[in-house]
Amino acid sequence: MRIDIVVVHVPRYRWGHEVDFVPPLTGIHLAALTPPGHQVRVIHQQVQPVDLETDADLVALSFFSGFAGEAFALARELRARGRRVVAGGPHATFCPEQAAGFFDSVVVGEAESAWPRLVEDAEAGRLQPFYQGEASPLEGLPLPRYDLLSGAFFVPRVVQATRGCPFACSFCSVPTLNPGYRTRPVAEVIRDLRFDGFRHWWQRKLVWFWDDNLTIRRPYILELLRAMVPERKWWLTQASLDVATDPELLDLMQRSGCIGIFFGLESFGAESLQDAHKPQNRAEQYRQRIAALHDRGICVMAGFVSGFDGDTPESIRRMARQLEEVGVDVPFLSVLTPYPGTPIHRKMQEEGRLLRDRGPESFNGYNVTFQPRQMSPEELLAAHRALWREAFSLRNSLRRIWRGLFTLRPGAFLMSACMNAFYCLKNLRGNHPRVFGPVQA
Ligand code: B12
Ligand code: SF4
């Protein structure tokens, strides 16, 4: 069969990204899981138009909740042209009945066990309406199909070494989406790191681990990093702040080429951190912990969320200054979003605070989809946009880049400079986050 795998995307900024840094792993992983004998294409809507006139025998769409509206529209168009269209990913997993109205088949959960079955059934003409994917062990996963990536991505080597996270933050779907904490054999991760078919030296050098929480199981991460030292890569990932208290781990991170870590710091307010179910974060420790990473030259990317019950417009705007004070190198600023399947979604539903007039595209992490406790939805949006503009002002962006010159190792400095310049230019050119307001019923 000819199979198109489409990773759906809707730009979050007025006219999209000027450059695309890192691709998702999902599409090239699904392609690798496809049983042999089929002809597969991977289309990232982020950088390529979706081919509605495709002659594929099967089209698979992967999408987040914020892209569900676009995915449903694509499915409608493709099915009108006689294509069989199937869905998978976080939104299909949490809202399978809704998705079933638009697709020939819906995959709930992980692909490893379900996708090969679905492909076999599609070939035999007996596609089922639903497939349940199990959270299978991660041994023996194939090499992602890096060869199918478009050349548009700056860091194409995306890898996953672990799946899941032991924490239970109120706004996060990971604990239900990828239950437990599973690790891949170190030798198989190293195999992915050794793929050398990329065109440019930096593409061979850089590794982006798309893990939920790479460092949380110490014996595993120590084994992985020891094996990575001779590979001489530069790598980045997402982890929890407790890494900063473990000098053995920090040393090994440095030796194995760590240049950046994303931490979900979320907030500076104690009440907001409580609302986030994130007792492991303590604002008074941020500065010291970030300094421990800077001592190793590692860039600190940090996520902050606006809209917790403890937040006010003032506390949100204040974060622009606070994140500078604690030494964050690259901030990521989002609006609290009650995704289906999360504790915060259940809470908002119980309290009647979900805004019923918001379409799926509002669930993109940059728009307001619920009634905040201490302000109106419009005030929350305005405070978030003010924070975003202030954080990526020329002065603050240059200050972070300048500081990185003295605190970061070369790869980390380059990463920080590129990302800060990227967001600052968006700000200066007016390419701000898009506003998706109420939609007509
Ligand atoms: C890496 C990652 C990112 C990366 C890359 C994004 C990308 N497109 O992949 C970055 C950092 C850019 C990112 C950004 C965001 N992300 Co993100 N991200 C992840 C993360 C940590 C891992 C995803 C991953 O690569 N997994 C490995 C690959 C191999 O598998 P997978 O994609 O998980 O898919 C598996 C199954 O879902 C299934 N599957 C998926 N699609 C399909 C399709 C078919 C046909 C089939 C059969 C199966 C299938 O099979 C796969 C293998 O088992 C997940 C958490 C998680 N555990 O899923 C969150 C997650 C997907 N992100 C999420 C969110 C909310 C966001 C943001 C909105 C956050 C924000 N506030 O800004 C942004 C949106 C970005 C945008 N483009 O607009 C949510 C989505 C929730 C939802 N209901 O939609 C998740 C689940 C985390 C969470 N907080 O709950 N993210
Ligand atoms: S620490 Fe991160 S991945 Fe883990 S539950 Fe919290 S937000 Fe999700």
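**Student:** Got a sec to walk through the site of ligand 1? Specific residues and values, please.
**Tutor:** Around ligand 1, 35 residues are found, and the nearest of them are R12, T26, S65, S173 and N178. A111 places a polar main-chain atom, nitrogen or oxygen, 3.0 Å from an oxygen atom of ligand 1. Within the residue set of the shell around ligand 1, elements represented by two or more residues are helix 1 (26–33), strand 3 (58–62), strand 5 (105–109), helix 5 (111–123) and helix 6 (174–177). Here the residues of the shell around ligand 1 sort into 16 nonpolar, 14 polar and five charged. When residues of the shell around ligand 1 are sorted by domain, at least three fall in each of domain 1 (2–132) and domain 2 (154–429).

**Student:** So what's going on with the packing of helix 1 against helix 5? Which residues, and what values?
**Tutor:** Packing of helix 1 against helix 5 leaves a shortest axis separation of 9 Å and a crossing angle of 55 degrees. Our classification of the angle between helix 1 and helix 5 gives oblique. For helix 1 against helix 5, the interelement crossing comes out right-handed. Contacts between helix 1 and helix 5 pair H29, L30 and L33 from the former with A111, E112, W115 and P116 from the latter. Across the contact of helix 1 with helix 5, the residue classes break down as five nonpolar, one polar and one charged.

**Student:** Explain the pairing of strand 4 (residues 85–88) to me, and be specific about the residues and the numbers.
**Tutor:** Judged by which residues are buried, strand 4 turns out to be covered on both faces: V85 and A87 on one side and V86 and G88 on the other are all buried. Bridge count for strand 3 against strand 4 is four bridges, and the pairing is parallel. Counterpart to S62 in the pairing with strand 4 is G88. Examined bridge by bridge, strand 4 and strand 5 share two bridges and lie parallel to one another. Residue A87 lies in a different strand from strand 5, and its bridge partner there is V106.

**Student:** Can you lay out helix 15 (residues 377–391) for me, pointing to particular residues and giving the numbers?
**Tutor:** With 15 residues, helix 15 extends 21 Å between its outermost C-alpha atoms, agreeing within 8% with the 21 Å of an ideal straight helix rising 1.5 Å per residue. All of the buried residues along helix 15 are P377, L380, L381, A383, H384, R385, A386, L387, W388 and A391. Those residues of helix 15 that are buried are in contact with strand 13 (299–306), helix 13 (313–326), strand 14 (330–335), helix 16 (394–407) and helix 17 (410–429).

**Student:** Describe the sheet that holds strand 3, with residues and values.
**Tutor:** Sheet architecture is open: six strands sit in the order 2-1-3-4-5-6, paired in parallel fashion. Two strands lie at the open edges of the sheet, namely strand 2 (39–44) and strand 6 (130–133), each paired on one side alone. With strand direction ignored, the average angle separating the axes of adjacent strands in the sheet is 20 degrees. The strands touched by helix 2 (residues 68–80) within the sheet are strand 3 and strand 4, with strand 3 carrying the most contacts at an inclination of about 175 degrees. Contacts from helix 5 reach strand 1 (2–7), strand 3, strand 4, strand 5 and strand 6 within the one sheet, and its direction differs from that of strand 6 by about 150 degrees.

**Student:** So, the site of ligand 2: which residues are in play, and what are the values?
**Tutor:** In the vicinity of ligand 2, the residues found are C165, F167, C169, F171, C172, D212 and K278. Taken together, the residues of the shell around ligand 2 sort by class into five nonpolar, no polar and two charged.

How each quantity is defined
Residues numbered from 1 in each chain as written. Chains lettered and ligands numbered in written order. Predicted model: local features only at pLDDT ≥ 70, side-chain atom pairs only at ≥ 80, totals over all residues. Heavy atoms only, no water. Near = heavy atom within 4 Å. Polar contact = N/O pair within 3.5 Å; in protein donor to acceptor, adjacent residues only side chain to side chain. Helix = DSSP H or I, 4+ residues; strand = E, 2+ residues; numbered from the N terminus. Nonpolar A, V, L, I, M, F, W, Y, C, P; charged D, E, K, R; others polar. Domains from an automatic or database assignment. Axes fitted to C-alpha atoms, helices over the stretch in contact; angles between N-to-C directions. Parallel < 35°, antiparallel > 145°, perpendicular 65-115°, else oblique. Left-handed = near helix turned anticlockwise from the far one by under 90°. Contact = heavy atoms within 4.5 Å. Buried < 20%, exposed > 50% of the residue type's maximum accessible area, 1.4 Å probe, protein only. Pairing = 2+ DSSP bridges. Expected span 1.5 Å × (residues − 1).

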